[in-house]
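Analysis of the macromolecular model
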Amino acid sequence: MICLTFDTDWMRAEDMEEFLTAYPDLPRSTFFIHEASAGWRPEGHEWGPHPTIDLRKPSGLRAWQDPEAPALGIRSHSCVTSHLLSIEWAGAGFLYQSNETHLFGPGSMPFRTAWGIWELPISYMDNMDMWFGRNWADAPRAPFAEDVIAAALACESVYVFDFHPVHIAFNSSSPEDYVRKRASHAGGASAWTLGAPGGGTRSFFERLLESIRDAGAPTQCASEAVLREQGNGNGLG
Ligand SMILES: [Zn+2]
């Protein structure tokens, strides 16, 4: 099962509307919404908050919830988490968090944590794919590799993709490329005018969508994957 999730970091609401227009056949997905597009909601898809949490400042801790359209899931910016945060989120009514990162593996199952909230681990993150070589300079891994798509299509558990629409819009190909484009975006340019052709996050994402379509691979949004596991009476591992 494939789950497509998106963290809307730094994208403005109008940038996100362009995203949905660019991908009208996007399988039902989950959007974790960053402060820059706080009021935006993805019609036809699931939403959840993507708050920035500074553990050095407990008073700055924000877990958003929307009484009109309560979110089931939460993913914090940079996947900041702690046991106390998980307990707080469970108390705020969230069913699941999606912060654990089991990157480049075969996929994972959602599981119940001891904190009263489910965890849906992430199998792929576009930015960490780009940053991998910087963090592990001696590793042979190249970003945007086809083996990720092959692993997702063959996955017998849940393969959670975490893309950033800002990287898709920019077609970011490296940390340096991203930093350069981000400065123009912050200056007011539309995110979608900054992408260049060639290998990058957008071309990888579009290859993935095409592969999902061609293979008829099953997809679910994040809460559906968690609720399925909960409905099966599983998750106590
Ligand atoms: Zn983020």
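Residues numbered from 1 in each chain as written. Predicted model: local features only at pLDDT ≥ 70, side-chain atom pairs only at ≥ 80, totals over all residues. Heavy atoms only, no water.

Of all the positions in helix α4 (residues 146-154), only Val148, Ile149 and Ala152 are classed as buried. Take α4 and look down its axis: the buried residues cluster within an arc of 95°, on one side only. Where α4 is buried, its residues meet β1 (2-7), β8 (124-125), β9 (159-163) and α7 (201-215). (Buried < 20%, exposed > 50% of the residue type's maximum accessible area, 1.4 Å probe, protein only. Helix = DSSP H or I, 4+ residues; strand = E, 2+ residues; numbered from the N terminus. Arc of directions from axis to C-beta. Contact = heavy atoms within 4.5 Å.)

This next bit is on the sheet that holds strand β6 (residues 111-112). Spatial strand order, β4-β5-β7-β6: 4 strands in an open sheet with mixed pairing. Only two strands of the sheet have a single partner each, and these edge strands are β4 (73-74) and β6. When β4 meets strand β5 (residues 96-97), the two strands line up parallel, connected through 2 bridges. When the sheet's bridge partners are listed, Gly73 is paired in β5 with Tyr96. (Pairing = 2+ DSSP bridges.)

Surrounding the zinc ion are the protein donor atoms Asp9 (OD), His50 (NE2) and His77 (ND1), at 2.1 Å. Coordination of the zinc ion draws on donor residues from a single chain, spaced D-x40-H-x26-H in sequence. Of this pair, His50 sits in the loop between β3 (46-49) and β4 while His77 is found in the loop between β4 and α2 (83-91), placing the two residues 27 residues apart along the sequence. Of the two residues, His50 and His77, neither departs from the other in class, the shared state being buried. (Donors = N, O, S within 2.8 Å, 3.2 Å for Na, K, Ca; no water.)

Located in the positive-phi region is Phe104, a residue other than glycine, with phi close to 65°. Assignment of secondary structure puts Phe104 in the loop between β5 and β6. Notably, Asn171 is not glycine yet its phi reads approximately 50°, a positive angle. Residue placement: Asn171 occurs in the loop between α5 (165-170) and α6 (175-186). Residue classification places Asn171 among the buried residues on the basis of a relative accessible area of 5%.

This paragraph deals with the pairing of β3. Burial of the side chains of β3 extends over both faces: Glu46 and Gly48 are buried on one face and Trp47 and Pro49 on the other. Pairing analysis gives 4 bridges linking strand β2 (residues 30-33) to β3, with the strands arranged parallel. Looking across to β3, one finds that Phe31 is bridged to Trp47.

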